[in-house]
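Chain by chain, the residues run as shown.
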Amino acid sequence: SVGICPIGTQLKVWPFCFEEYMSDIEPDLSHLDSSKQELVDIIVWRRVMRKDVPSGWHLFSRKPDRTIGFVQIHQNEEYFIKWSKVARYDRRQWLTCHLNNTYVIENVSLEEFGEAYKRSTLGRLIRRDMFNSLCLKFQKDPTHITLWGARRTSDRKILAGMAIINSPTYHASFYFIGFFRREINKDPVMTGLVDHWFQSEQKKGIRFLHFGNFWQTGDPKSWKGFSEFKEKFRPQY
């Protein structure tokens, strides 16, 4: 990687010049000339995996702003091969015992999704904020938003669901909301929805599945359980 320098962003608001870089490669700051300086430079360098502090830099916090997980999938490969042992077991149970037997996965309307979401195990404030955000995205452009519901065949109730947002331009799919209701008991319904997501996007030629934020020290404890669930699918961070 000799000679490679990360690309950054720059914003000038007199008397300051802000620059920001995100890379494990140290930014090249040779363009700064203190003898002709008219603005005060503030340089922010965010690293992904690197932990050391090179000379001249000051570390304000070892905690990243956020941790995001994603999976890259390829055509004509078993997308689940790298999943954890537990996730692969749950997938087999879902496919052999539950899919099209006790549950079916269907595209659902925003209204039906919302009614089931309000009865989920998520906290009241999270439910409100996330669903409001989803509604705003629908109002702006619902073209690339997909809502799936896992419907119990015995009573037609939606007991779990997922909302994803796709970017055909960047061959990516983003996990926006996931939920389940207590009635699922120990049925691996959420694993079934994630498996449906992987299958669907692989068929479309989508390359990257983004799981969103993951829990880290200092985040609300309510995030931790769902982060542990998402970790079973072995994302990169």
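The following refers to the structure shown. Because the structure is predicted, anything quoted here is derived from the model rather than measured.

### So, the overall build of the chain
Then comes step 1: Each helix and strand counted, the chain has five helices and nine strands in total.
Then comes step 2: Along the first, second and third principal axes, the C-alpha set of the chain runs to 75 × 35 × 35 Å.
Then comes step 3: Scored against the burial criterion, the 237 residues of the chain give a buried share of 37%.
Then comes step 4: In the chain, the proportion of contacts linking residues at least 24 apart, taken out of those at least 6 apart, comes to 61%.
Then comes step 5: For the chain, the exposed area adds up to about 15,000 Å²; of that, 54% sits on carbon and sulfur atoms.
Then comes step 6: Computed over 36 positive and 27 negative side-chain charges, the inter-centroid distance for the chain is 7 Å.

### Quick notes on the pattern of salt bridges
Then comes step 1: As enumerated under the stated definition, the model contains 11 salt bridges in all.
Then comes step 2: The partner of D195 in a salt bridge is R91, with the nearest N and O atoms 2.7 Å apart. Note that D195 is positioned in helix α4 (residues 189-204) and R91 in helix α1 (residues 85-98), a separation of 104 residues in sequence.
Then comes step 3: According to the relative accessible area criterion, D195 is buried, its value standing at 2%.
Then comes step 4: Look at R91 and you get buried, because its relative accessible area is 13%.
Then comes step 5: The salt bridge involving E106 is made with R151; its shortest N-O contact spans 2.8 Å. Highlighted residues: E106 in strand β5 (residues 103-107) and R151 in strand β6 (residues 145-152), separated in sequence by 45 residues.

### Observations concerning α4
Then comes step 1: For α4, with 16 residues, the first-to-last C-alpha span of 23 Å sits near the 22 Å given by 1.5 Å per residue.
Then comes step 2: Listed in full, the buried residues belonging to α4 are V189, M190, T191, G192, L193, V194, D195, W197, F198, S200, E201 and Q202.
Then comes step 3: At the exit of α4 stands G205, carrying a positive phi of roughly 85°.

### Looking at the sheet that holds β6
Then comes step 1: As summarised here, the arrangement of the six strands in space is β4-β9-β8-β7-β6-β5, forming an open sheet in which the pairing is mixed. Strands at the two margins of the open sheet, each flanked by one partner only, are β4 (67-72) and β5. For this sheet, the mean inter-axis angle between neighbouring strands, taken without regard to orientation, is 25°.
Then comes step 2: One ladder, built from five bridges, connects β5 with β6; its direction is antiparallel. Bridge assignment links V104 to a residue of β6, and that residue is R151.
Then comes step 3: Where helix α3 (residues 124-140) meets the sheet, its contacts fall on β6, β7 (158-167) and β8 (172-180), and the angle it forms with β8 comes to roughly 140°.
Then comes step 4: On top of the sheet, helix α5 (residues 224-231) reaches β8 and β9 (208-214); it is set at about 155° to β9, its chief contact.

### Concerning the sheet that holds strand β3 (residues 40-46)
Then comes step 1: An order of β1-β2-β3 is seen for the three strands of this open sheet, with the pairing classed as mixed. Each having just a single partner strand, β1 (9-13) and β3 make up the two edges of the open sheet. Neighbour-to-neighbour, the strand axes of the sheet open up by a mean angle of 15°, direction not taken into account.
Then comes step 2: Sheet topology places β1 next to strand β2 (residues 16-22); five bridges connect them, and they run antiparallel. Of the residues in β2, the one forming a bridge with K12 is C17.

Calculation notes
- Residues numbered from 1 in each chain as written.
- Predicted model: local features only at pLDDT ≥ 70, side-chain atom pairs only at ≥ 80, totals over all residues.
- Heavy atoms only, no water.
- Helix = DSSP H or I, 4+ residues; strand = E, 2+ residues; numbered from the N terminus.
- Buried < 20%, exposed > 50% of the residue type's maximum accessible area, 1.4 Å probe, protein only.
- Contact = heavy atoms within 4.5 Å.
- Areas by Shrake-Rupley, 256 points an atom, 1.4 Å probe, with all protein chains shown as cover.
- Lys, Arg positive; Asp, Glu negative; His and termini not counted.
- Charge placed at Lys NZ, Arg CZ, Asp CG, Glu CD.
- Salt bridge = Lys/Arg side-chain N within 4 Å of Asp/Glu carboxyl O.
- Expected span 1.5 Å × (residues − 1).
- Pairing = 2+ DSSP bridges.
- Axes fitted to C-alpha atoms, helices over the stretch in contact; angles between N-to-C directions.

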